[in-house]
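# A structural walkthrough
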Amino acid sequence: MTKTITVFGATGTAGSACVEELIRLGSFNVQVLARRPGQQEKRSALAPHSADAKRGIYDRWRKSGVEVKLADVTDHAELIPALRGTDYLVSCVPINATESQYPLIWAAKEAGVERFVPSEFGAIYEFEQFWPTDTIHRAMARQKAFIRRMIEFAGLDYTIIPAGFWPEYYMLEPVMVMGDGSQLVSWSTGRDVGRIIPHVLAHPLSRNAICPVAATAYCTWDELLALRERTLGRKVERIHLGNAQWKAAYERQPMGGLKELMAIGILATEGAEGMSLFANWNKTFIPDFRGTPLDELFPNYIEPFLAQFRQQLIAAGELPAA
Ligand SMILES: NC(=O)c1ccc[n+]([C@@H]2O[C@H](COP(=O)([O-])OP(=O)(O)OC[C@H]3O[C@@H](n4cnc5c(N)ncnc54)[C@H](OP(=O)(O)O)[C@@H]3O)[C@@H](O)[C@H]2O)c1
């Protein structure tokens with residue numbers, strides 16, 4: 001029987017790409033759990049969507065057969081009926097709304113949902129939660145690992161999808177390379193993360209499993225930056241930072257999005273030898289999945305994202321105006 005997937009956080013970067021890929025594939029019934037207008041709006045980095053923009057997105061999806069269910073997502077009395085009939089619940093909430101998943105777990109259990117896919121899509125948090133240095137990112141990793149335990153405690157199946165680095169977040173110049181640039185890293189753009197989710201879920205080995213993907217590329221920092229230089233036709237400014245330098249940069253940086261990135265620098269340069277945070281699950285299990293070609297990625301996706309990201313950081317006072 002065709003499974004029904006409900007996407008939460010659906011208008012976000014990963015969420016919207018997931019819905020669009022589900023529509024394209026046509027192999028699942030697709031639902032969206034939409035938050036009532038007026039509920040607190042957050043984004044991982046970019047400016048929130050307006051209510052009108054969201055209405056436009058929902059209307060487009062409805063025309064493709066998606067059922068959009070509106071609910072007060074803090075209230076189990078509305079959440080439980082909204083989730084009835086869902087087999088897989090995919091959460092794509094932003095990094096700063098990780099805690100919004102707690103009421104969802106309870107409601108999913110009560111509604112008879114089979115599997116919960118929490119909003120992860122970064123490092124392997126089962127490792128990072130025990131990293132020696134306490135940072136804001138490790139605190140978030142601990143919560144994400146805790147949420148996975150809540151899902152198990154509720155008796156739901158889970159699929160955990162670490163996705164490595166979203167390259168669009170790490171390319172502001174000078175690029176701060178984590179380590180000497182020669183280590184293999186999983187790269188997944190936010191859109192490729194969303195696109196790969198249905199493919200991972202369609203694989204039988206994704207049930208109660210951690211499936212760390214490299215949805216866009218599996219290559220070193222040096223290789224990725226060499227490609228960026230080729231596509232832009234110019235040199236990309238960069239600096240290489242080791243663990244002590246990331247720690248110093250983190251200490252100096254006031255709270256905000258850039259501090260989060262500094263914390264990720266500490267994480268990436270602090271792992272024990274052989275305890276890689278990255279992997280390439282899709283190469284083995286879904287070899288036919290294709291991420292965005294790298295030569296399209298920089299001009300069409302990463303550079304436009306960086307322009308918006310830079311504006312957000314300037315507006316937040318984290319970067320000086322040029
Ligand atoms: N590894 C990396 O480098 C990296 C980078 C970025 C993000 N990530 C991870 O990827 C995941 C998804 O991030 P994203 O950037 O795709 O998110 P995003 O685009 O910022 O998602 C925002 C969407 O989440 C929903 N939302 C907003 N406020 C909410 C709230 N208070 N409570 C619940 N939902 C809310 C909204 O959708 P609706 O209104 O439709 O519900 C909104 O459109 C996160 O877990 C994040 O940690 C990883």
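One can find the structure itself at the top, above this paragraph.
Reference entry: report on the structure contained in this document. Everything numeric here is computed off the predicted structure, so don't read it as measured data. (Residues numbered from 1 in each chain as written. Predicted model: local features only at pLDDT ≥ 70, side-chain atom pairs only at ≥ 80, totals over all residues.)

## Comments concerning the site of the ligand
For the record, the criterion: Near, for a residue, is defined by distance from a backbone-placed C-beta atom to a molecule or strand, with 6 Å as the limit that must not be exceeded. Here a strand is any run of E in DSSP of at least two residues, a helix any run of H or I of at least four, and the numbering for each starts at the N terminus. In the scheme used here, Gly and all other residues not listed as nonpolar or charged are polar, with Ala, Val, Leu, Ile, Met, Phe, Trp, Tyr, Cys and Pro taken as nonpolar and Asp, Glu, Lys and Arg as charged.
As a matter of local geometry, the ligand sits amid 29 residues, with G12, S44, P94, I95 and G122 nearest to it. Those elements giving two or more residues to the shell around the ligand turn out to be α1 (13-25) and β2 (29-35). Tallying contributions element by element places α1 first for the shell around the ligand, with 3 residues. Taken together, the residues of the shell around the ligand break down into 13 nonpolar, 12 polar and 4 charged.

## A word on the nonpolar core
Put simply, the rule is: Each nonpolar core comprises buried Ala, Val, Leu, Ile, Met, Phe, Trp, Tyr and Cys residues, the members being joined through C-beta atoms within 7 Å. Partly exposed residues are those whose C-beta has more than 12 but fewer than 20 other C-beta atoms within 10 Å; 20 or more makes a residue buried and 12 or fewer makes it exposed, with C-beta atoms placed from the backbone. Contact criterion: two residues are in contact if their C-beta atoms, reconstructed from the backbone, are within 7 Å.
Counting residues in hydrophobic clusters, the biggest one holds 84 residues, and the most contacted among them are V7, F8, C18, L89, V90, I161 and V213. Those residues within four positions of C18 in sequence are excluded, and the remaining contacts are V7, V90, C92, G194, I197 and P198.

## Regarding the packing of helix α9 (residues 243-252) against helix α10 (residues 257-270)
Condition: For every element, the axis is a line fit to its C-alpha atoms; helices are fit only across the contacting stretch, and the angle between N-to-C directions ranges from 0 to 180 degrees. Roughly parallel refers to an angle under 35 degrees, roughly antiparallel to one over 145, roughly perpendicular to one between 65 and 115, and oblique to any angle outside these ranges. By convention, the crossing between two helices is left-handed when the near helix turns anticlockwise from the far helix through less than a right angle, and right-handed when the turn is clockwise.
Two elements in contact, α9 and α10, have axes separated by 9 Å at closest approach and are oriented at 160°. The orientation of α9 with respect to α10, classified from their angle, is roughly antiparallel. Handedness of the crossing formed by α9 with α10: left-handed. Counting all contacts with α9, which are made through N243, W246, K247, A249 and Y250, the residues of α10 involved are K259, M262, A263, G265, I266, T269 and E270. Per-class residue counts for the contact of α9 with α10 are 6 nonpolar, 3 polar and 3 charged.

## A word on unusual backbone geometry
In the segment running from E173 into P174, the intervening peptide bond is cis, with an omega of -5°. For P174, the position within the fold is in the loop between β6 (157-160) and β7 (175-178). Even without being glycine, F121 reaches a positive phi, approximately 65°. Following the sequence through the fold, F121 ends up in the loop between β5 (115-117) and α5 (125-128). The backbone of N208 shows a phi angle near 50°, a positive value even though the residue is not glycine. Mapped onto the secondary structure, N208 falls in the loop between α7 (190-202) and β9 (209-210).

## Some remarks on the environment of P174
Overall, P174 belongs to the exposed group, with 9 C-beta atoms counted inside 10 Å. Not counting chain neighbours up to four residues away, the residues in contact with P174 comprise E237, R238 and I239.

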